[in-house]
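So you can see what is in the structure, the chains are spelled out below.
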Amino acid sequence: AAAAVARRCVLVRGCFDVWAESEPADHEGSGQRAWERLAEAVCAAGAETHRRWVAPLAEDSWCVEMLSAGRQKPYSEPAKVALMELLDELLAPLPGPISLRSPEQVVAMLEDYDDPTGRGERGEPAALAPPRRLYLGRRLSAGASRLLHDFRLSARGYLGRTTLPPELAFLMANEARARPGCALLDPFCGTCSTLLSAARFGATTFGVEVDARVLQREPIRANFAAAGLPPPARLLLADAAELLPRGGAAADGKGDDGAADGDHVAELPAGLGLRDFDAIVTDPPYGIMEGAGELYQPLPARCAMLLRLAAARLR
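Q: Would you take a moment to explain the nonpolar core for this structure?
A: The tendency in soluble globular proteins is for nonpolar side chains to be buried as a group. Grouped together as the largest cluster of nonpolar side chains are 26 residues, with contacts concentrated most on Leu147, Ala178, Leu184, Cys192, Ile220 and Phe224. In terms of residues, this core owes the most to one element, helix H8 (residues 193–200), which gives four residues. Filtering out sequence-adjacent residues up to four positions away, Leu147 remains in contact with Val10, Phe170, Arg200 and Phe201. The next biggest cluster of nonpolar side chains, apart from the first, holds 24 residues, and it includes Ala34, Trp62, Leu87 and Leu136.

Q: When you look at the side chain of Ser61 in this model, what are you seeing that I'm missing?
A: Inspection of the secondary structure puts Ser61 in the loop between helix H3 (47–54) and strand S2 (62–69). Here Ser61 falls in the buried class, since its relative accessible area comes to 8%. In contact with Ser61, other than residues within four places in its own chain, are Pro97, Ser99, Ser102, Pro103, Glu104 and Gln105.

Q: Could you clarify how one ought to interpret the packing of aromatic side chains in this entry?
A: Counted by the stated rule, this structure contains four aromatic pairs. Look at Phe151 and Phe170: their rings are 5.2 Å apart centre to centre, the planes differ by 80 degrees, and that puts the pair in the edge-to-face class. Of this pair, Phe151 sits in the loop between helix H6 (146–150) and helix H7 (166–175) while Phe170 sits in helix H7, and the two are 19 residues apart along the sequence. Between Phe170 and Phe201 the ring centres are 5.6 Å apart and the planes differ by 70 degrees, which places this aromatic pair in the edge-to-face class. Of this pair, Phe170 sits in helix H7 while Phe201 sits in the loop between H8 and strand S6 (204–209), and the two are 31 residues apart along the sequence. Per residue, the accessibility class of Phe170 equals that of Phe201, and both read buried. Among the aromatic side chains, those forming a connected cluster through ring pairs are Phe151, Phe170 and Phe201. The ring of Phe201 is capped by Arg8, whose NZ or CZ atom sits 4.0 Å from the centre of that ring.

Q: Any chance you could explain the sheet that holds S2 here in plain terms?
A: Two pairing modes exist for strands in a sheet, parallel and antiparallel, and in both the strands are linked by backbone hydrogen bonds. In spatial order, the strands read S1-S4-S3-S2; together these four strands make up an open sheet with mixed pairing. At either margin of the open sheet sits one strand with a lone partner, and together these are strand S1 (14–21) and S2. For this sheet, the mean angle separating the axes of adjacent strands, direction not counted, is 30 degrees. Where S2 meets strand S3 (residues 105–112), eight bridges bridge the pair, whose relative direction is parallel. By the bridge assignment, Glu65 is partnered in S3 with Ala108. Against the sheet, helix H2 (residues 31–44) makes contact with S1, S2, S3 and strand S4 (133–142), and its axis sits at roughly 70 degrees relative to S4, the strand it touches most. The strands touched by helix H4 (residues 77–84) within the sheet are S2 and S3, with S2 carrying the most contacts at an inclination of about 115 degrees.

Q: Can you help me understand unusual backbone geometry in this one?
A: When glycine is set aside, most residues are seen to have a negative phi, and most peptide bonds are trans. Of note in the backbone geometry, Ala58 takes a positive phi value of approximately 45 degrees without being a glycine. On the secondary structure map, Ala58 appears in the loop between H3 and S2. Among the residues examined, Ala58 registers a relative accessible area of 42% and is labelled partly exposed. You will see that Cys192, though not glycine, has its phi angle at about 75 degrees, which is positive. In this fold, Cys192 is placed in the loop between strand S5 (183–186) and H8. A relative accessible area of 1% places Cys192 in the buried class.

Conventions and cut-offs
- Residues numbered from 1 in each chain as written.
- Predicted model: local features only at pLDDT ≥ 70, side-chain atom pairs only at ≥ 80, totals over all residues.
- Heavy atoms only, no water.
- Core = buried A, V, L, I, M, F, W, Y, C linked by side-chain atoms within 4.5 Å.
- Buried < 20%, exposed > 50% of the residue type's maximum accessible area, 1.4 Å probe, protein only.
- Helix = DSSP H or I, 4+ residues; strand = E, 2+ residues; numbered from the N terminus.
- Contact = heavy atoms within 4.5 Å.
- Phe/Tyr/Trp six-rings, centres within 6.5 Å; stacked < 30°, edge-to-face > 60°.
- Lys NZ or Arg CZ within 6 Å of the ring centre and 35° of its normal.
- Pairing = 2+ DSSP bridges.
- Axes fitted to C-alpha atoms, helices over the stretch in contact; angles between N-to-C directions.

That's the geometry; what it means functionally is another story.
Written out as structure tokens, the structure reads:
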């Protein structure tokens, strides 16, 4: 279960089965010395413990990776190799082949440099301090940080002035539990950044946008196609307030001209109406960048409408 969660999390490096870890007191001196001490403890654990640790690797291909949190590239490549060789007693008996390109298993050497004080244990600048803690183990699952690169704004063909960055869009999609079979609405969809992230997790997406200058359907569809994802099932040019029930009747989901706008977007899937959403995910427009034209509404008014919409439209 933890591995499955990690595969969705863009701010998680991975999920690991930790075999051994160091204590902060072991970190006097350099990172090299800290690894030497941890390697000594690993070797002292004995052959039976080693067999238990590496048993899940079986005959799979494998490699060793060094991961650092809070520090960029603290070692040269030769220095990394020298640190990995400290673990020969543990790793040399592995029967599987080494694969640097596409290993089935990853033995991870993790270093934690994160220090909220910005200073090392002995008061030195954090950039000079040794790692605060070391971990050795097997990676059960990589995190989803690769998505931040794949969905970076600079790679998209169509952007707006306030397109939501992928870090926030994926966090919101996770909070909404976007998944296959989930119907998700963004009532202020803009260029559909939130819907793009939700679609990556398998959700069926729907968007509403009041500004025709922003809701450029073909460029939006091109963004989804470039990511290999199905476009929104429906995009409506309308004020999201029009989705609120009026006089006890449900809104019909049509655009501001009363037409379903089927020339540009797909029909609703069978059996799904605008009252059948599992989640609403949105980044309401606010601030100077949104302008103060005829479509402007104060943020409190938008939020109040959003809460009424959630009460009326969520399952």
